[in-house]
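Observations on the three-dimensional arrangement
One letter stands for each residue in the lines below.
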Amino acid sequence: MASHTDRKAPRIEAVKLEKRFGHIHAVRGIDLEVPAGQVLGFLGPNGAGKSTTMRMITGFLEPSGGRVKLEGIDISEDPIAAKRTFGYLPEGAPAYPDMTVEEFLGFIAAARGFSGRDAKDRVERAIGRVNLQGVRRQAFETLSKGYKRRTGLAQALLHDPGILILDEPTDGLDPNQKFEVRELIKELGGDRAIVLSTHILEEVEAVCTRAVVINKGGIVFDGTPAEMEARAPRDVTKNRMDAAFRAMTTGDVADGAGAAAARTKGGRR
Amino acid sequence: MSTTSAQPRSALALSALARITVVFRREFRSYFQTPLAAVFLVIFLFLAGLFAFNIGGFYERNQADLRPFFQFHPWLYVFLVPAVSMRLWAEERRTGTIELIMTLPFGAADLVIGKFLAAWAFTTVALSLTFPMWITVSWLGNPDHGTIFVAYLASALLAGAFLAVGAFLSALTKNQVIAFVLCAVACFVLLLAGFPAVLDFIRGWAPRGAVEGLASTSALTHYESMMRGVIDLRDVLYFVLVMAAFLVLNVFAIDWKKSD
């Protein structure tokens, strides 16, 4: 993968991210550096802090501690410039219910600074890229879950950003749609930094070049999908990714050393 | 790759004014994508007319002015403005789109101002559709057009002030019904402080300065002074300050409450 030379500067740089909600310590010191060309699968049980971390990276939430830089721009110093660098699919792929797909993408194009022909072209390309032609004049609220998710993807891709942050991009899609979205992510991954969260571990093997597992707000594994699979107990032969995931995120398999080892080792390539 | 990693690749930088315009356009259009616009316009026009003719005695007074029409606007706005403002932020939070717009390249102030201006433009459209009243009174007699113009201005400013209050309260909750009730009560209180019955009650025991001080915090006092056709800078300033104060509070409120 690492064939380019200008990869020294990471596209996404999160340092010692912390988040407290009242007395709940949701994220406890997460460090992440994602260079171009990397597709990072962000894993963890529900409530581990995945969405919170993504929300801090995208500037929706202010961290209680730590910094986030996107393409070298500190999001707390120049939030508007930093927000131009990425496309973001929030959890649940929200959009305005009464707008049609076309109108909604038109609004995103305007928000991204495109106007006239340029905006139209962008909307067309985004619609083509995720196959929304059939529903372009339908109101968002009337779409199936799969089309809603694809509209959210189209919105994130519209300005061809160098960074994509996707919170459960394949949630609610049927197997065919999942396949299509995975192919799209692989294709996009070539020269972009992509972070995607998912609960489907086969997805990580299929599209990700790096896997990061968090549990209770901290990173417990950071490495390649193959390295992750190798963490499964030896006697497990089927669904080894799932076994590895369970080993890292529950206490029932002795893996206390994993967390500390992962943090120092890192998965950078 | 020819792109350097320090530069955003394609998204263009917009000026603050351009960003506010993008927000304004989407918001303003959204009123007409739901039945809200139609329902609001019909009810506003119907009630404004009903109050003016039946309760205000528009004809019976035999005077060529629009006083009976304008004097009921504050009370109309108490429950119609919350219907417009309640959805401004509560809806974004309920549908989750707040996460989308706040991670687009907008500042919180762009969103607050754009949304507020869209709501205000909408109520101003409703207000301007009452122009047949002006035509009628001009046709029946010879009204003071300056007075009517200033009264229209006062009505628009009052609606704006209420909207700013409502937008702020909408940012505090996901629930539109709560946003509606809070805004109606807040607007009512803003009016009440200038209501003669309330002032008379206080006048019995409070020093004169306190009574006047209280009256000057009321939207009603400033509205009625403008309704007589006099543009007093203090009245205009009052409405502008109320709007500015609540828009600033609104910016803090969305930062504080956005992720709840």
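Residues numbered from 1 in each chain as written. Chains lettered and ligands numbered in written order. Predicted model: local features only at pLDDT ≥ 70, side-chain atom pairs only at ≥ 80, totals over all residues.

**Some remarks on the overall build of chain A**
Tallying secondary structure elements over chain A gives ten helices and ten strands in all. When contacts within chain A are restricted to residue pairs at least 6 apart in sequence, long-range pairs at least 24 apart make up 66% of them. (Helix = DSSP H or I, 4+ residues; strand = E, 2+ residues; numbered from the N terminus. Contact = placed C-beta atoms within 7 Å.)

**Considering the overall build of chain B**
From N to C terminus, chain B includes 14 helices and zero strands. When the helices and strands of chain B are placed in sequence order, the string is α-α-α-α-α-α-α-α-α-α-α-α-α-α. Expressed as lengths along the three principal axes of its C-alpha atoms, the size of chain B is roughly 80 × 50 × 35 Å. Out of the 260 residues belonging to chain B, those deemed buried represent 42%. Taking the contacts inside chain B whose residues are at least 6 apart along the sequence as the reference set, 80% of them involve residues at least 24 apart. (Buried ≥ 20, exposed ≤ 12 C-beta atoms within 10 Å, placed from the backbone.)

**Observations concerning the sheet that holds strand β2 (residues 24-34) of chain A**
Residue and element names in this part refer to chain A. Reading across from one edge, β2-β1-β4-β5 is the order of the four strands in this open sheet, with antiparallel pairing throughout. The open sheet has two edge strands, β2 and β5 (73-74), and neither has a second partner. Sheet topology places strand β1 (residues 12-21) next to β2; eight bridges connect them, and they run antiparallel. Note on β2: the bridge partner recorded for Lys19 is Val27. (Pairing = 2+ DSSP bridges.)

**What to know about the interface of chain B and chain A**
In many reports, interface size means the accessible area that the parts give up when they come together. At the junction of the two partners, chain B supplies 28 residues and chain A supplies 36 residues. Of all the elements in the fold, those that place two or more residues in the side of chain B that touches chain A are α1 (16-32) and α6 (97-101) of chain B. Here the residues of the side of chain B that touches chain A sort into 13 nonpolar, twelve polar and three charged. (Nonpolar A, V, L, I, M, F, W, Y, C, P; charged D, E, K, R; others polar.)

**Some details on the environment of A:Gln155**
Residues and elements named next belong to chain A. Looking at the secondary structure, you find Gln155 in helix α5 (residues 145-157). Separated by 13 residues in the primary sequence, Gln155 and Glu168 place their C-alpha atoms 15 Å from one another. Setting aside residues no more than four positions away along its own chain, Gln155 makes contact with Leu105 and Ile108.

**Here we look at the sheet that holds strand β9 (residues 210-215) of chain A**
All names here are of chain A. As summarised here, the arrangement of the six strands in space is β6-β7-β8-β3-β9-β10, forming an open sheet in which the pairing is mixed. Taken across any chain shown, the strands that pair with only one partner, and hence form the sheet edges, are β6 (86-89) and β10 (218-223). Direction aside, the axes of adjacent strands within the sheet are offset by 15 degrees on average. Note that strand β3 (residues 39-43) and β9 share four bridges and pair parallel. (Axes fitted to C-alpha atoms, helices over the stretch in contact; angles between N-to-C directions.)

**Brief notes about the confidence of the model for chain A**
Residues and elements named next belong to chain A. Mean pLDDT for chain A: 88, with 90% of residues reaching 70 or above. Per-element averaging of pLDDT across chain A places helix α10 (residues 256-265) at the bottom with 43 and helix α3 (residues 101-111) at the top with 97. Scored below 50 in pLDDT, residues 1-5 makes nine contacts in the model with residues more than four places away or belonging to other chains. (pLDDT = per-residue confidence, 0-100.)

**Here we look at unusual backbone geometry**
Residue and element names in this part refer to chain A. Phi is positive for Ala93, close to 45 degrees, though the residue is something other than glycine. Mapped onto the secondary structure, Ala93 falls in the loop between β6 and α3. On the basis of neighbour count, Ala93 is assigned to the buried category, with 26 C-beta atoms found within 10 Å. Positive phi, close to 45 degrees, is recorded for Asn239, a residue that is not glycine. Inspection of the secondary structure puts Asn239 in the loop between α8 (225-229) and α9 (240-249).

**Structural notes on the environment of B:Ser225**
Position of B:Ser225 relative to the elements: it lies in helix α13 (residues 219-227). Sequence separation of B:Ser225 and B:Ala151 is 74 residues, and the distance between their C-alpha atoms is 9.3 Å.

**Remarks on the environment of A:Ile200**
Following the sequence through the fold, A:Ile200 ends up in the loop between β8 (193-197) and α7 (201-207). As a C-alpha pair, A:Ile200 and A:Thr85 span 115 residues in sequence and 27 Å in three-dimensional space.

**What to know about the packing of helix α11 (residues 196-203) of chain B against helix α12 (residues 208-216) of chain B**
Residue and element names in this part refer to chain B. Axis separation between α11 and α12 bottoms out at 9 Å; the angle between their running directions is 160 degrees. In terms of their interaxial angle, α11 and α12 are classed as roughly antiparallel. α12 is crossed by α11, and the crossing has right-handed handedness. Facing Leu199, Ile202 and Arg203 of α11, the residues of α12 in contact are Val211, Leu214 and Ala215. (Parallel < 35°, antiparallel > 145°, perpendicular 65-115°, else oblique. Left-handed = near helix turned anticlockwise from the far one by under 90°.)

**Examining helix α10 (residues 176-192) of chain B**
Residues and elements named next belong to chain B. With 17 residues, α10 ought to run about 24 Å at 1.5 Å a step, and its terminal C-alpha atoms sit 24 Å apart, in line with that. The set of residues buried in α10 consists of Gln176, Ala179, Phe180, Leu182, Cys183, Ala184, Cys187, Leu190 and Leu191. On its buried face, α10 is in contact with α4 (73-85), α5 (87-95), α9 (145-171) and α13. (Expected span 1.5 Å × (residues − 1).)

**Side note on the confidence of the model for chain B**
All names here are of chain B. For chain B, the average pLDDT comes to 87, and 95% of its residues sit at 70 or higher. Confidence, read as mean pLDDT per element, is least for α11 in chain B (78) and greatest for helix α7 (residues 108-128) (96). Per-residue pLDDT stays below 50 along residues 1-9; that stretch engages in 18 contacts with residues further than four places along the chain or on separate chains. This prediction of the complex comes with two scores: 0.88 for pTM and 0.87 for ipTM.

**Describing the pairing of β10(A)**
Residues and elements named next belong to chain A. For β10, the buried fraction is high: five of the six residues fall into the buried class. Two strands pair when backbone bridges link them, and β9 and β10 are joined in this way by five bridges, in the antiparallel orientation. Note on β10: the bridge partner recorded for Ile214 is Ile219. From the end of β9 to the start of β10, which pair antiparallel, there are two residues, and Lys216 there has a positive phi angle of about 50 degrees.

**A word on the packing of α1(B) against α7(B)**
All names here are of chain B. Contact pair α1 / α7: the axes reach a minimum separation of 8 Å and the direction vectors enclose 45 degrees. As the angle between them shows, α1 and α7 are arranged oblique. For the element pair α1 and α7, the recorded crossing hand is right-handed. Touching Ala16, Arg19, Ile20, Val23, Phe24, Glu27, Phe28 and Tyr31 of α1 are Asp110, Leu111, Ile113, Gly114, Lys115, Leu117, Ala118, Ala121 and Phe122, all from α7. By residue class, the composition of the contact of α1 with α7 is twelve nonpolar, one polar and four charged.

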